[in-house]
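# Geometric and topological summary
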Amino acid sequence: MAELDPRAARERWQRAQQLAQETEQTAIERWSVAGLPGLLCLQRELWAAGDRAIAERLERADCLVACDRGWDWCCYLNVPIAGIEAQVIADWIAELPMAQRRLMLERLAQTLGQLELINPGDRLGHKIPCAFLESDGTCGIYPVRPATCRSHYSTCAADCCGV
């Protein structure tokens, strides 16, 4: 991958700063008008924009993403999430059909029980999957997955398989 010249890097940084300020202003406006539901809606809009930006960037890249549906190695890692992300996930789960919601909540309780017994850094070694990882290797909360999951991908399958 080619190095970014200093001028281009500065322009990208300035654009990122501008987007951060615009997002902060939008969040303040949404909060003042609609409270938490407004922020939750904004979170979903930001996720969609981020997904589009990553997809566009990857289309222009000179490398291919090795990950695909069911490629779940990273689903055994600890994933930090923001409180608002947790709320979006909880709201989404609450809207699932009862049987599906019950199964997901049971897996969540089971995973939490397993994690309480180990050092958090040892999760990968113990092969404890994300509570939302389905038996077919897909993400059970894919439409509302956290930003960390959205931005995590690999360009080399061997790098993931070899760990």
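The preceding data block contains the structure.
First things first, this report covers the structure right here in the doc.

Reading the values: the criteria
Residues numbered from 1 in each chain as written. Predicted model: local features only at pLDDT ≥ 70, side-chain atom pairs only at ≥ 80, totals over all residues. Heavy atoms only, no water. Helix = DSSP H or I, 4+ residues; strand = E, 2+ residues; numbered from the N terminus. Buried < 20%, exposed > 50% of the residue type's maximum accessible area, 1.4 Å probe, protein only. Lys, Arg positive; Asp, Glu negative; His and termini not counted. Salt bridge = Lys/Arg side-chain N within 4 Å of Asp/Glu carboxyl O. Contact = heavy atoms within 4.5 Å. Expected span 1.5 Å × (residues − 1). Phe/Tyr/Trp six-rings, centres within 6.5 Å; stacked < 30°, edge-to-face > 60°. Lys NZ or Arg CZ within 6 Å of the ring centre and 35° of its normal. Arc of directions from axis to C-beta. Axes fitted to C-alpha atoms, helices over the stretch in contact; angles between N-to-C directions. Parallel < 35°, antiparallel > 145°, perpendicular 65-115°, else oblique. Nonpolar A, V, L, I, M, F, W, Y, C, P; charged D, E, K, R; others polar.

## Some thoughts on the side chain of Arg 101
Inspection of the secondary structure puts Arg 101 in helix H3 (residues 98-116). Buried charge Arg 101 goes without a salt bridge, the closest partner of opposite sign being Glu 95 at 7.1 Å. Beyond its immediate stretch of four places on either side in the chain, Arg 101 contacts Ile 93, Ala 94 and Leu 96.

## Examining helix H1 (residues 6-60)
An α-helical turn contains 3.6 residues, so any two residues separated by three or four positions project in the same direction. In this model H1 runs just 21 Å from its N-terminal to its C-terminal C-alpha over 55 residues, more than 12% under the 81 Å that 1.5 Å per residue would give. Along H1, the residues that are buried comprise Ala 8, Gly 35, Gly 38, Leu 39, Leu 40, Leu 42, Gln 43 and Trp 47.

## What to know about the packing of aromatic side chains
Counted according to the given criterion, the structure contains zero aromatic pairs. The ring of Tyr 142 has Arg 145 lying over it, and the distance from NZ or CZ to the ring centre is 3.7 Å.

## Describing H3
In this model, H3 (19 residues) spans 27 Å end to end at C-alpha, consistent with the 27 Å of a helix rising 1.5 Å per residue. Inspection of H3 places Arg 101, Met 104, Arg 107 and Thr 111 among the buried residues, and these make up the whole buried set. Angular distribution of buried residues about the axis of H3 spans 130 degrees; they occupy a single face of the element. In H3, those exposed residues whose orientation departs by more than 90 degrees from the buried face are Ala 99 and Glu 116. Those residues of H3 that are buried are in contact with helix H2 (83-94).

## Details of the environment of Ala 27
Among the secondary structure elements, Ala 27 is positioned in helix H1. We classify Ala 27 as partly exposed; its relative accessible area is 22%. With near-sequence residues (within four places) excluded, Ala 27 lies in contact with Leu 39 and Leu 42.

## Some words on the pattern of salt bridges
Evaluation of the coordinates by the stated rule reveals four salt bridges. Between Arg 145 and Asp 51 there is a salt bridge; the shortest N-O distance is 3.7 Å. Of this pair, Arg 145 sits in the loop between H3 and helix H4 (147-150) while Asp 51 sits in helix H1; the two residues are 94 residues apart in sequence, bridging distant segments of the chain. Across the pair Asp 51 and Arg 150 runs a salt bridge whose closest N-O atoms are separated by 2.4 Å. Of this pair, Asp 51 sits in helix H1 while Arg 150 sits in helix H4; the two residues are 99 residues apart in sequence, bridging distant segments of the chain. The partly exposed category is assigned to Asp 51, whose relative accessible area is 26%. The class for Arg 150 is buried, based on a relative accessible area of 10%.

## As for the packing of H1 against H2
The N-to-C vectors of H1 and H2 enclose an angle of 95 degrees; their axes lie 10 Å apart at closest approach. Considered as vectors, H1 and H2 are oriented roughly perpendicular to each other. Between H1 and H2, the contacting residues are Leu 36, Leu 39, Leu 40, Gln 43, Arg 44 and Trp 47 on the first element and Ile 84, Glu 85, Gln 87, Val 88, Asp 91 and Trp 92 on the second. Along the lines of polarity and charge, the residues of the contact of H1 with H2 split into seven nonpolar, two polar and three charged.

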